[in-house]
Amino acid sequence: MGEILSCRHILQLWLIALTICDTFAFLPNLQQRKLILNRHSSAAGDDVSANVATSAFSKEDSAAVPDRDDHIRILDENLKRCSGLGLYDRILGEDAEHSPSKIHDNERWVVVSHDTAEDTPASVVRGEGPVFNYGNLACLKQFRMQWDEFTCLPSRYSAEEMERGARERLLEKVRKYGYADDSNIVRVAKDGTRFQIEKYILWNLFNDDGNYYGQACIFDRNKCRPPDS
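Residues numbered from 1 in each chain as written. Predicted model: local features only at pLDDT ≥ 70, side-chain atom pairs only at ≥ 80, totals over all residues. Heavy atoms only, no water.

Let's talk about unusual backbone geometry
Part 1 of the argument: One non-glycine residue, A117, lies in the positive phi region at around 70°.
Part 2 of the argument: Positionally, A117 belongs in the loop between β1 (109-114) and α7 (121-124).
Part 3 of the argument: With phi around 55°, R144 is a residue other than glycine that occupies positive phi space.
Part 4 of the argument: In this fold, R144 is placed in the loop between α8 (137-143) and α9 (147-150). (Helix = DSSP H or I, 4+ residues; strand = E, 2+ residues; numbered from the N terminus.)

What follows is the structure, encoded as structure tokens:
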């Protein structure tokens with residue numbers, strides 16, 4: 001009986017050890033990312049750019065929408081509901097065919113969105129806030145990033161440190177009122193290039209069940225310029 005209990009105890013301890021190892025295997029990744037961000041923050045006076053941030057987050061942080069076509073439908077319907085004109089109306093004209101590919105592949109009009117800050121390790125575990133979950137071709141070109149890295153990036157890193165307070169106030173305003181149509185905000189691309197958005201629209205998103213789904217933004221790349229130019 002003693003031998004049976006002993007073997008049973010050994011098996012239980014072995015299973016517990018495996019569980020602990022699996023749990024702690026994730027921690028070095030978290031710590032490594034924090035070290036990367038902290039190291040660059042100190043070197044650049046807390047101005048962590050999108051370039052640094054993308055090196056700190058990986059595919060496990062991805063917030064990428066699973067169905068891009070349906071996501072465009074949701075963006076279009078929500079924008080039309082709160083402003084009277086949807087994505088297709090604004091980008092292609094009111095009588096244009098509603099083809100999602102014409103939004104995905106558009107190189108002039110930036111269409112970008114972030115999640116609810118409740119969907120990824122970056123948001124939930126590390127408190128990084130909302131993560132970009134969609135960017136069309138114009139967006140990826142403007143921010144000089146690839147889809148896989150852009151959709152892992154917490155959206156706050158698209159703004160410089162000194163701009164992030166204003167950005168948070170803007171997002172809170174939109175969360176409260178549903179929509180903002182404003183001008184002259186500065187954002188930063190992956191390589192550190194700063195650009196000023198002359199005019200943009202930012203709006204809340206709700207899914208088909210009426211649940212909060214995140215926020216989206218649209219602006220014209222042709223009207224972006226270097227700050228203070």
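Considerations on the pairing of strand β6 (residues 200-206)
Part 1 of the argument: Within β6, six of the seven residues are buried, leaving the element largely enclosed by the surrounding structure.
Part 2 of the argument: Two elements, strand β3 (residues 179-182) and β6, share four bridges in a ladder whose sense is antiparallel. Bridging from a neighbouring strand, Y179 pairs with W203 of β6.
Part 3 of the argument: In terms of strand pairing, β6 meets strand β7 (residues 212-220) through seven bridges, oriented antiparallel. Looking across to β7, one finds that Y200 is bridged to F219.
Part 4 of the argument: The loop that links β6 with its antiparallel partner β7 comprises five residues; one of these, G210, has a positive phi angle of about 85°. (Buried < 20%, exposed > 50% of the residue type's maximum accessible area, 1.4 Å probe, protein only. Pairing = 2+ DSSP bridges.)

Description of the sheet that holds strand β8 (residues 224-225)
Part 1 of the argument: Pairing is antiparallel across the open sheet formed by three strands, whose spatial order is β4-β5-β8. What marks the edges here is a single partner per strand, and that holds for β4 (185-188) and β8.
Part 2 of the argument: With two bridges joining them, strand β5 (residues 194-197) and β8 adopt antiparallel strand pairing. Directly across from Q196, in β8, lies its bridge partner R225.

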